[in-house]
Amino acid sequence: MSEQPTLRDMLARIQRLPALPAVALELLNTLSGGDPDVASLARRIAQDQAIAARVLRVANSPFYGLQSRVGSIHDAVVVLGFSAVRSLVLAAAVVTGLPGGHCAGFDPSRFWRHVMGTAVAAQSLAQRLGRPPESLFVAGLLHDIGRLAMVSVYPELFARALTIACERDCSLRDVELEIFGFDHTAVGAALTRRWNLPEEIIDALAYHHQPELGAPGGLAPIVHYADAISKALDFEEAEDTLVPRLHPATIDALGLDWQGLSAVLADTQTRFESYRLLLG
Amino acid sequence: MSETRTLPLAEALPGMLLAAPVLDAGGNVLLPAALAITESHLESLRRRGIATLTISAPAEPVEPVDIARKREEVRARVMHIFRHTVDDPGSQALLHAVLAFRQEQLK
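All of the points below concern the structure found in this document.

### Here we look at the overall build of chain B
At step 1: The helix and strand inventory of chain B stands at three helices and five strands.
At step 2: N-terminal to C-terminal, the α/β element order of chain B is β-β-β-β-α-β-α-α.
At step 3: The C-alpha radius of gyration computed for chain B amounts to 23 Å, which surpasses the reference 13 Å derived for 107 residues by more than 25%, pointing to a less compact arrangement than a globule.
At step 4: In terms of its C-alpha atoms, chain B occupies a principal-axis envelope of roughly 70 × 25 × 20 Å.
At step 5: Look at the contacts in chain B between residues 6 or more apart in sequence, and 55% of them connect residues 24 or more apart.

### Overview of the overall build of chain A
At step 1: Broken down by element type, chain A carries 16 helices and zero strands.
At step 2: The C-alpha atoms of chain A give a radius of gyration of 18 Å, which matches the 19 Å a tight globule of 280 residues would have.
At step 3: Summarising its shape, the C-alpha atoms of chain A cover approximately 60 × 45 × 35 Å along the three principal directions.
At step 4: For chain A, the residues scored as buried account for 56% of the 280 residues in total.

### A word on the side chain of A:Asp203
All names here are of chain A.
At step 1: Looking at the secondary structure, you find Asp203 in helix α13 (residues 199-206).
At step 2: Despite its burial, Asp203 pairs with no opposite charge; the closest candidate is Arg193, at 7.3 Å N-O.
At step 3: A polar contact of 3.0 Å, which involves the side chain of Asp203, links it to the backbone nitrogen of Ala215.
At step 4: Ignoring sequence-local partners within four residues, the contact set of Asp203 consists of Gly214, Ala215 and Ala220.

### Remarks on the interface of chain A and chain B
At step 1: Each partner contributes to the interface: chain A provides 25 residues, whereas chain B provides 20 residues.
At step 2: In total, about 1900 Å² of surface goes out of reach between chain A and chain B, with carbon and sulfur atoms giving 60% of it.
At step 3: Here chain A is connected to chain B by three salt bridges.
At step 4: The shortest N-O distance in the salt bridge between A:Asp234 and B:Arg77 comes to 2.8 Å.
At step 5: If you look at where chain A meets chain B, you find 12 residue pairs in polar contact (both at pLDDT 80 or more).

### Focus on unusual backbone geometry
Most peptide bonds take the trans configuration, and most residues that are not glycine carry a negative phi.
Residues and elements named next belong to chain A.
At step 1: With a phi close to 65°, Asp234 is a non-glycine residue in the positive phi region.
At step 2: Within the secondary structure layout, Asp234 lies in the loop between α14 (220-232) and α15 (248-254).
At step 3: Judged by relative accessible area, Asp234 falls into the buried class, the value being 18%.
At step 4: Positive phi, normally seen in glycine, also occurs at Glu237, with a value near 55°.
At step 5: Considering the arrangement of structural elements, one finds Glu237 in the loop between α14 and α15.

### Side note on helix α2 (residues 64-81) of chain B
At step 1: With 18 residues, α2(B) ought to run about 26 Å at 1.5 Å a step, and its terminal C-alpha atoms sit 26 Å apart, in line with that.
At step 2: Buried within α2(B) we find B:Val74, B:Val78 and B:Ile81. Taken around the axis of α2(B), the buried residues stretch over an arc of 60°, which confines them to a single face. Of the residues in α2(B), the exposed ones pointing more than 90 degrees away from the buried face are B:Pro64 and B:Val65.
At step 3: Buried positions along α2(B) lie against α14 of chain A together with α3 (92-106) of chain B.

### Topic: the packing of helix α7 (residues 108-129) of chain A against helix α8 (residues 133-142) of chain A
Residues and elements named next belong to chain A.
At step 1: Axis separation between α7 and α8 bottoms out at 7 Å; the angle between their running directions is 155°. With respect to α8, the element α7 is oriented roughly antiparallel. Two packed elements cross with a definite hand, and for α7 against α8 that hand is right-handed. Contact residues: α7 offers Val115, Met116, Thr118, Ala119, Val120, Ala122, Gln123, Ala126 and Gln127, while α8 offers Pro133, Leu136, Phe137, Gly140 and Leu141.
At step 2: In terms of residue class, the contact of α7 with α8 is built from 10 nonpolar, four polar and no charged.

### Examining the packing of aromatic side chains
All names here are of chain A.
At step 1: One pass over the full model with this rule turns up 10 aromatic pairs over all chains.
At step 2: Here the aromatic rings of Phe235 and Phe272 are separated by 3.8 Å at their centres, their planes lie at 10°, and the arrangement is stacked. Taken as a pair, Phe235 in the loop between α14 and α15 and Phe272 in helix α16 (residues 258-275) lie far apart in primary sequence, 37 residues in all.
At step 3: Its relative accessible area of 2% is what places Phe235 among the buried residues.
At step 4: Members of the aromatic cluster, joined through ring pairs, are Phe106, Phe111, Trp112, Tyr154, Phe158, Phe180 and Phe182.

### Side note on the pattern of salt bridges
All names here are of chain A.
At step 1: This structure, assessed with the given rule, holds 21 salt bridges over all chains.
At step 2: We note a salt bridge from Arg173 to Asp183, for which the minimum N-O separation is 2.5 Å. Taken together, the positions of Arg173 in helix α11 (residues 172-180) and Asp183 in the loop between α11 and α12 (184-194) put the pair 10 residues apart, joining distant regions of the chain. In terms of burial, Arg173 and Asp183 fall into one category: buried.
At step 3: Via salt bridges that share partners, Arg110, Lys231, Glu236 and Asp240 belong to a single interconnected network.

### Some details on helix α3 (residues 38-47) of chain A
All names here are of chain A.
At step 1: Within α3, the full set of buried residues consists of Leu41, Ala42 and Ile45. All buried residues of α3 fall inside an arc of 100° around its axis, so they share one side. Away from its buried face by more than 90 degrees, α3 exposes Arg43 and Gln47.
At step 2: In the core, the buried residues of α3 are packed alongside α2 (22-30), α4 (49-59), α5 (73-80) and α6 (82-97).

About the cut-offs
Residues numbered from 1 in each chain as written. Chains lettered and ligands numbered in written order. Predicted model: local features only at pLDDT ≥ 70, side-chain atom pairs only at ≥ 80, totals over all residues. Heavy atoms only, no water. Helix = DSSP H or I, 4+ residues; strand = E, 2+ residues; numbered from the N terminus. Rg over C-alpha atoms; globule rule 2.2 N^0.38 Å. Contact = heavy atoms within 4.5 Å. Buried < 20%, exposed > 50% of the residue type's maximum accessible area, 1.4 Å probe, protein only. Lys, Arg positive; Asp, Glu negative; His and termini not counted. Salt bridge = Lys/Arg side-chain N within 4 Å of Asp/Glu carboxyl O. Polar contact = N/O pair within 3.5 Å; in protein donor to acceptor, adjacent residues only side chain to side chain. Buried area = accessible area lost by both parts, 1.4 Å probe. Expected span 1.5 Å × (residues − 1). Arc of directions from axis to C-beta. Axes fitted to C-alpha atoms, helices over the stretch in contact; angles between N-to-C directions. Parallel < 35°, antiparallel > 145°, perpendicular 65-115°, else oblique. Left-handed = near helix turned anticlockwise from the far one by under 90°. Nonpolar A, V, L, I, M, F, W, Y, C, P; charged D, E, K, R; others polar. Phe/Tyr/Trp six-rings, centres within 6.5 Å; stacked < 30°, edge-to-face > 60°.

And the structure:
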């Protein structure tokens, strides 16, 4: 197909996309460790009212069960801790900062509901399995970010992919590979590498559909399962939702028993009801 | 959910749950609240001349047909979401856990 773009074309054009707010990129960089200047970051977050308002909406939701209302980012950091607020700010920044563009058949609300569901499922799995909840929340939040870039850069091609996937009732990723020659995992990994995100998050994005190829001990297996949990709990509210194929050895290796999985489902549902408040 | 109703003693049946303590004329507690009454309790209350009991009445039961229909809708929706992976070994735990979770939510 002569019109098929290469991944390199795609990446060159991504540079023209609206980027994440600077404060979000800074927060992402603090995920790698170090000693962030919390007070200064809190002040800067507070200046972005669209982000701050969404964060406070979730901070005041029943999930956190606070006795009194949190009225500012500074108070939210004091009450919930920097790490919890950082996750919320990143989620709000990604949702508000990366618009979906205009692509026929692409439903941004559906996309964000799935993403938010994956992020909270990954967080819940992390807590159950003793893995890093915040990195997994962020990996869940960004796991399909490549798709958003494809929608923005090649809206007509992506619209065609959506139509074909719908007609064939097959996985959208398979059609991406057919039409573009690459899929959203490759785009997402390249994009987040450009943002200098921690390698473990880039690896999770790159391999969430092929967790057996990810770095040993990495986060891809958990994002792989969280993606399916988010679909299975029907957060997309879409007729043609389809649970992706799961890699059996990867799921076995997570070692989650029936009781653990049931608890993760209930916890994910509860978290989702609060975190969806970030979506608008 | 349950509500309370007051019954003449003659209509009370073993197994009913007391919503309020049964008191004698002097205000002494004969039977505590939340007790499941037995035939011998009823006999004793008759002897003491107790006229009425306040019991917890279960809320109107949902029609079994209604529950069965909702369960089937939930099952059909979950099976639809898993339509390509219903026999996959990797999906079995998640499929069954989601089915159980969704059915539980109906209660």
